[in-house]
Amino acid sequence: MADWDGCLNRIVQSVPETEPGKQQLYHYQSFGWLCGGMIEHASGKKFQEILEEAIVHPLEIDGELYIGIPPGVESRLAVLSTDTEDVSKISQSKSRPDLPSSFQPEIIAEIMTTVPSLFNLLQIRQAILPASNGHCSARALARYYAALVDGGVVPLSHSNLSKPPLGSHPHIPEEQNQVVTNENNTNFHEDKVEGSNDLKRDDRLDSSETGDDGKESKSIREMFSNPRIHEAFLGLGEYGNWAMADGAFGLGFRRMRLRDGSFVGFGHTGMGGSTGFCYTKERLAIAVTVNKLSLGGVTRKITELICSELNIPLHEHYTAMTEEDKPDTELITKTILIN
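All of these numbers come straight from a predicted model, not from anything done at the bench.

(A) Quick look at the pattern of salt bridges. Inspection of the entire model under this criterion finds five salt bridges. Its salt-bridge partner being Arg 228, residue Glu 231 comes within 3.0 Å of it at the nearest N-O pair. Classification of Glu 231 by relative accessible area gives buried; the value is 3%.

(B) Spatial organisation of the packing of aromatic side chains. Scanning all chains against the criterion turns up nine aromatic pairs. Here Phe 233 and Phe 253 contribute two aromatic rings whose centre-to-centre distance is 4.8 Å and whose plane-to-plane angle is 65 degrees, an arrangement assigned as edge-to-face. Taken as a pair, Phe 233 in helix α8 (residues 229-234) and Phe 253 in the loop between α8 and β9 (254-257) lie far apart in primary sequence, 20 residues in all. By relative accessible area, Phe 233 is classed as buried at 10%. The buried category is assigned to Phe 253, whose relative accessible area is 9%. Seen in terms of ring centroids, Phe 233 and Phe 266 are 4.9 Å apart; in terms of plane orientation they differ by 55 degrees. Their pairing is tilted. Taken together, the positions of Phe 233 in helix α8 and Phe 266 in strand β10 (residues 263-269) put the pair 33 residues apart, joining distant regions of the chain.

(C) Summary view of the pairing of strand β11 (residues 275-279). Most of β11 sits out of view: five of its five residues are buried. In the sheet, β10 pairs with β11 via five bridges, with the strands oriented antiparallel. Counted as the bridge partner of Phe 266 is Cys 278 from β11. Where β10 folds back on β11, the antiparallel hairpin that results is connected by five residues, among which Gly 272 adopts a positive phi of roughly 110 degrees. Two strands pair when backbone bridges link them, and β11 and strand β12 (residues 284-288) are joined in this way by five bridges, in the antiparallel orientation. From the neighbouring strand, Gly 276 faces β12, where its bridge partner is Ala 287.

Parameters and conventions
Residues numbered from 1 in each chain as written. Predicted model: local features only at pLDDT ≥ 70, side-chain atom pairs only at ≥ 80, totals over all residues. Heavy atoms only, no water. Salt bridge = Lys/Arg side-chain N within 4 Å of Asp/Glu carboxyl O. Buried < 20%, exposed > 50% of the residue type's maximum accessible area, 1.4 Å probe, protein only. Phe/Tyr/Trp six-rings, centres within 6.5 Å; stacked < 30°, edge-to-face > 60°. Helix = DSSP H or I, 4+ residues; strand = E, 2+ residues; numbered from the N terminus. Pairing = 2+ DSSP bridges.

What follows is the structure in structure tokens.
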């Protein structure tokens, strides 16, 4: 698993389990090798080079996001553990024929109790595992989704309140998780994304900065430009044939829905409770990172507080919890994903 090139070679030698376009299954580890291998082949560069060039540097999150940690950051890493009492509730679920045999409820419970010992190993932390060993701050993850929800526009720089930079001090989790908001509006419907071709490029794109030489220079404030990008993420509109109509995922992201089935955004929730996602209409990005693996009750409370203050409905994943914080284990097993 820690051998990047070896895993890519195994993927090359593999064949699809089902006929392409007929069924959507969750690739909770292999998706990282599939995408990572294609990125390297298409770019001619190493995966981590692309990560730095396309995401880390433009978003100004140097030192806050790694897939495969470099030497010297070990003291800043949070140690993973498991809320064993919470995780034991998963075993109450019935078997799921729509999930692979290695991802049945009883196996999930076992995995969640053993994952910390594996992913705390330095060898695994240093490995390139895009589907499972991202190391990041909540702020970095929120900035990533803020750029996606705003059509590629890079969020404004951190205020002085966020200093010292997370990339420069030991891991001492004292501050609350960051939430990035934007103001433009886009409305989602089942078959298309209203207004997505009118995504505005605000005046941040035209802002100028004065360099050390006293001359003004244009800042790079846009990571990409595609007015239909939200439709692509959700597999809607002209991208509708690229994803399963009733599938949980669009192109690379989980579709965030309300209980009535309507789309409200996209993102991904990891096994253990860490999450990153965005509400497209409200231009709101939320990220929560935890190191004690559970069914996500703490993350839900944080998300529920934010949404209640902003009068935004919780998406489907978090309505799996009842008012008494007892999990709907059937729905959780359906939606729980590896971080």
